[in-house]
Amino acid sequence: MDVELRQLRCLVAIVDEGGFTDAAIALGVSQAAVSRTLASLERALGVRLLRRTSREVTPTATGLRVVAHARRVLAEVEGLVREAASGQTSLRIGYAWSALGRHTLTFQRAWATAHPATELELVRANSATAGLAEGTCELSVVRRPLDERRFDSVIVGLERRLCAMASDDPLARRRSVRLADLAGRVLLVDRRTGTTTTELWPPDARPDTRESHDIDDWLTTISTGRYVGMTAESTAHQYPRPGVVYRPVRDAEPIAVRLAWWRDDPHPAAPAVTELLTALYRAG
């Protein structure tokens, strides 16, 4: 079966215009072309779609169902075309957990002022590429390296590592903690998007781990006091939570914040985003 968009447009035009003559005018083709196109669609589907008399043209029962499907297909295609064409006027930036932390609002406002013609949307996507591989964004903010064969990225800033713990945890009384303080604890990690692995600790002093896949679940579980977590500084700014406190891990290396994009399809706004984010992190 080989159904073409022009055939669906022709069918809808006949129904909407009430006949072949007016459909031909609406489509800018001859009446004979409309008749041939409809006939080819009926042959492809193997069903009769319209009843034709000397006075009117009406859909058959099957034709009504096909017309409804055709409208949906044509609307989807129209939306696809708009989406592709809007690449120069809109920009979606994905992130997994915490966007840009305390720089998020400043970045949004600075972008709107400097680039009013390109609408910015921040999209949360809890995947390894923060939505880039899934097609939900054109750029993404990630905090660990991506596959260099598919993606390019640049480091725009650094963030401290913080330990998240229950507010009544004994370690919460300290201003900061060390990795060794967490060696005997159970660490709650997100292996898909997280920045924490047991390789931060020596082989003989690595904490046990449990998995979490969502920031809200992560914080809720940590607030019980059974687990602790380690995360980027931006999480503390974006997700303050009653019952949870964050403390710097003073002997842990900082986390690199990267802006990433498809290697074979870079968005034209990538250099401007990189420049603005780098300036924000440098100033901060």
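On a predicted model such as this, the values are computed, not experimentally measured, just so you know.

Novice: Sorry, what's going on with the sheet that holds strand 7 (residues 161-166) here?
Specialist: By definition, the strands of a sheet pair up through backbone hydrogen bonds, in either a parallel or an antiparallel sense. Reading across from one edge, 10-7-11 is the order of the 3 strands in this open sheet, with antiparallel pairing throughout. Every other strand in the sheet has two partners, leaving strand 10 (229-232) and strand 11 (244-248) as the edge strands with one partner each. Averaged over neighbouring strand pairs, the angle between their axes works out to 35° when direction is ignored. As paired elements, strand 7 and strand 11 share 5 bridges and run antiparallel to each other. Across the sheet, residue Ala 166 finds its bridge partner in strand 11, namely Val 244. Together, strand 7, strand 10 and strand 11 form the strand contacts of helix 6 (residues 215-223), whose direction differs from that of strand 7 by roughly 55°.

Novice: Could you clarify how one ought to interpret the sheet that holds strand 3 (residues 90-95) in this entry?
Specialist: With mixed pairing, 5 strands are arranged side by side in an open sheet as 4-3-5-12-6. On the outer flanks of this sheet lie strand 4 (119-124) and strand 6 (151-159), each paired with one strand and no other. Between one strand axis and the next, the sheet turns by 25° as a mean value, whatever way the strands run. Pairing of strand 5 (residues 139-142) with strand 12 (residues 255-262), which is carried by 3 bridges, proceeds in the antiparallel orientation. Considered in strand 12, the bridge of Val 141 is made with Leu 259. Sheet contacts for helix 5 (residues 104-114): strand 3 and strand 4; angle to strand 4, the most-contacted strand, approximately 155°. Strands strand 3, strand 5, strand 6 and strand 12 of the sheet are contacted by helix 8 (residues 270-283), whose axis makes an angle of about 15° with strand 6.

Novice: Explain the side chain of Thr 193 here, please?
Specialist: Considering the arrangement of structural elements, one finds Thr 193 in the loop between strand 8 (186-189) and strand 9 (208-211). There is a polar contact of 3.3 Å between the side chain of Thr 193 and the side chain of Asn 126. A polar contact of 3.0 Å, which involves the side chain of Thr 193, links it to the side chain of Asp 190. With residues near it in sequence (within four places) discarded, Thr 193 still touches Ala 96, Trp 97, Asn 126, Ser 127, Ala 128 and Arg 144.

Novice: Please explain the environment of Gly 229 as it appears in this structure.
Specialist: Here Gly 229 shows up in strand 10. Beyond its immediate stretch of four places on either side in the chain, Gly 229 contacts Leu 162, Cys 163, Ala 164, Leu 187, Leu 188, Trp 218 and Ile 222.

Novice: So what exactly am I meant to see when it comes to the environment of Arg 250 here?
Specialist: If you trace the backbone, Arg 250 turns up in the loop between strand 11 and strand 12. The class for Arg 250 is partly exposed, based on a relative accessible area of 48%. In sequence terms Arg 250 and Arg 160 are 90 residues apart; their C-alpha atoms lie 8.5 Å from each other. Apart from the residues lying within four places of it in its own chain, the contact partners of Arg 250 are Ser 176, Val 177 and Arg 178. There is a polar contact of 2.6 Å between the side chain of Arg 250 and the side chain of Ser 176.

Novice: Hey, could you run me through the pattern of salt bridges in this one?
Specialist: Two side chains bearing opposite charge may form a pair once their charged atoms approach each other closely. The tally for this structure, following the rule as stated, stands at 14 salt bridges. In this structure, Glu 42 and Arg 52 form a salt bridge, with 3.5 Å as the shortest nitrogen-oxygen distance. With a gap of 10 residues between them, Glu 42 in helix 3 (residues 31-45) and Arg 52 in strand 1 (residues 50-52) connect regions that are remote in the sequence. Look at Arg 52 and you get partly exposed, because its relative accessible area is 40%.

Quick notes on the rules
Residues numbered from 1 in each chain as written. Predicted model: local features only at pLDDT ≥ 70, side-chain atom pairs only at ≥ 80, totals over all residues. Heavy atoms only, no water. Pairing = 2+ DSSP bridges. Helix = DSSP H or I, 4+ residues; strand = E, 2+ residues; numbered from the N terminus. Axes fitted to C-alpha atoms, helices over the stretch in contact; angles between N-to-C directions. Contact = heavy atoms within 4.5 Å. Polar contact = N/O pair within 3.5 Å; in protein donor to acceptor, adjacent residues only side chain to side chain. Buried < 20%, exposed > 50% of the residue type's maximum accessible area, 1.4 Å probe, protein only. Salt bridge = Lys/Arg side-chain N within 4 Å of Asp/Glu carboxyl O.

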